[in-house]
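Listed below are the residues making up each chain.
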Amino acid sequence: MRIIDEILLHNEKFVAEKEYEKFETTKFPDKKLVILSCMDTRLVELLPKAMNIQNGDVKIVKSAGAIVAHPFGSIMRSILVAVYELKADEICVIGHHDCGMSKLKADSFLEKAVERGITEEKIDTLRYSGVDLNQWLQGFDSVEDSVRDSVDKIKNHPLLVKGIPVHGLVIDPATGKLDIVVNGYEE
């Protein structure tokens, strides 16, 4: 059975048995917090458990590496929507050890894209159009530095009101231990 068929089969039963009722909440985060975390599969259940977060407590935005790659991209827009439209009062960026974005290199990434059918011509077209693929596909060497960079981009965004605490943490995906990199109350 294909994955989407499995999902829809399960969903039919989920709805019929009213399992959704135990997840009912509002669109506003109870803890008034928005979290930017990595999309890593190990964090799906671990991160909320490690932070004592329940359904309805926070808004969670995910990106590869918990990176704000562009100050006017969709990640930053989502954070600003959480603050202004959904009443979040604090922001937390959470990176993790052993991240797939650490040491990501554009050349290796593009080789994999070509192996899966993307033509060199398409890649050249992007380059000739002014897209800096080396920068766009750049990973990081230090998760702590990456978290600091994302915190700085958020904290200094021209549309973010001053005084919103922006925290930075790193989680160990093996144990769930959180280490603070930036304490937004002290900034």
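Our structure's up above, just so we're on the same page.
On a predicted model such as this, the values are computed, not experimentally measured, just so you know.

Caption draft 1: Highlighting the environment of D172. Counting through the fold element by element, D172 comes out in the loop between β4 (166–171) and β5 (178–182). Among the residues examined, D172 registers a relative accessible area of 25% and is labelled partly exposed. Considering only alpha carbons, one finds D172 and G65, 107 residues apart in sequence, at a separation of 13 Å. Among residues more than four places away in sequence, those in contact with D172 are L46, H97 and K177. Engagement of the side chain of D172 in a polar contact is seen with the backbone nitrogen of A174, the distance being 2.8 Å.

Caption draft 2: Molecular detail of the pairing of strand β1 (residues 33–38). When you tally the buried positions in β1, you get six out of six residues, the bulk of the element. Across the two faces of β1 the burial is the same, with L33, I35 and S37 and V34, L36 and C38 all buried. One ladder, built from six bridges, connects β1 with strand β2 (residues 58–63); its direction is parallel. When the bridges of β2 are listed, L33 appears paired with V58. Assessed by its sense of winding, the connection that carries the chain from β1 through helix α2 (residues 43–50) to β2 is right-handed. Bridge analysis of β1 against strand β3 (residues 90–96) gives five bridges, and the strand direction is parallel. Residue pairing across strands places L36 opposite V93, the latter belonging to β3.

Caption draft 3: Summary view of the nonpolar core. Counting 40 residues, the largest nonpolar core has I35, L36, I79, I91, I154 and L160 as its most contacted members. Sorting the residues of this core by element identifies β1, α2, β2, α3 (74–84), β3, α7 (143–155), β4 and β5 as the ones contributing at least two each. Core analysis: the second largest hydrophobic core is formed by five residues, A106, I123, L133 and L137 among them.

Parameters and conventions
- Residues numbered from 1 in each chain as written.
- Predicted model: local features only at pLDDT ≥ 70, side-chain atom pairs only at ≥ 80, totals over all residues.
- Heavy atoms only, no water.
- Helix = DSSP H or I, 4+ residues; strand = E, 2+ residues; numbered from the N terminus.
- Buried < 20%, exposed > 50% of the residue type's maximum accessible area, 1.4 Å probe, protein only.
- Contact = heavy atoms within 4.5 Å.
- Polar contact = N/O pair within 3.5 Å; in protein donor to acceptor, adjacent residues only side chain to side chain.
- Pairing = 2+ DSSP bridges.
- Right-handed = clockwise from strand over helix to strand, strands pointing away.
- Core = buried A, V, L, I, M, F, W, Y, C linked by side-chain atoms within 4.5 Å.

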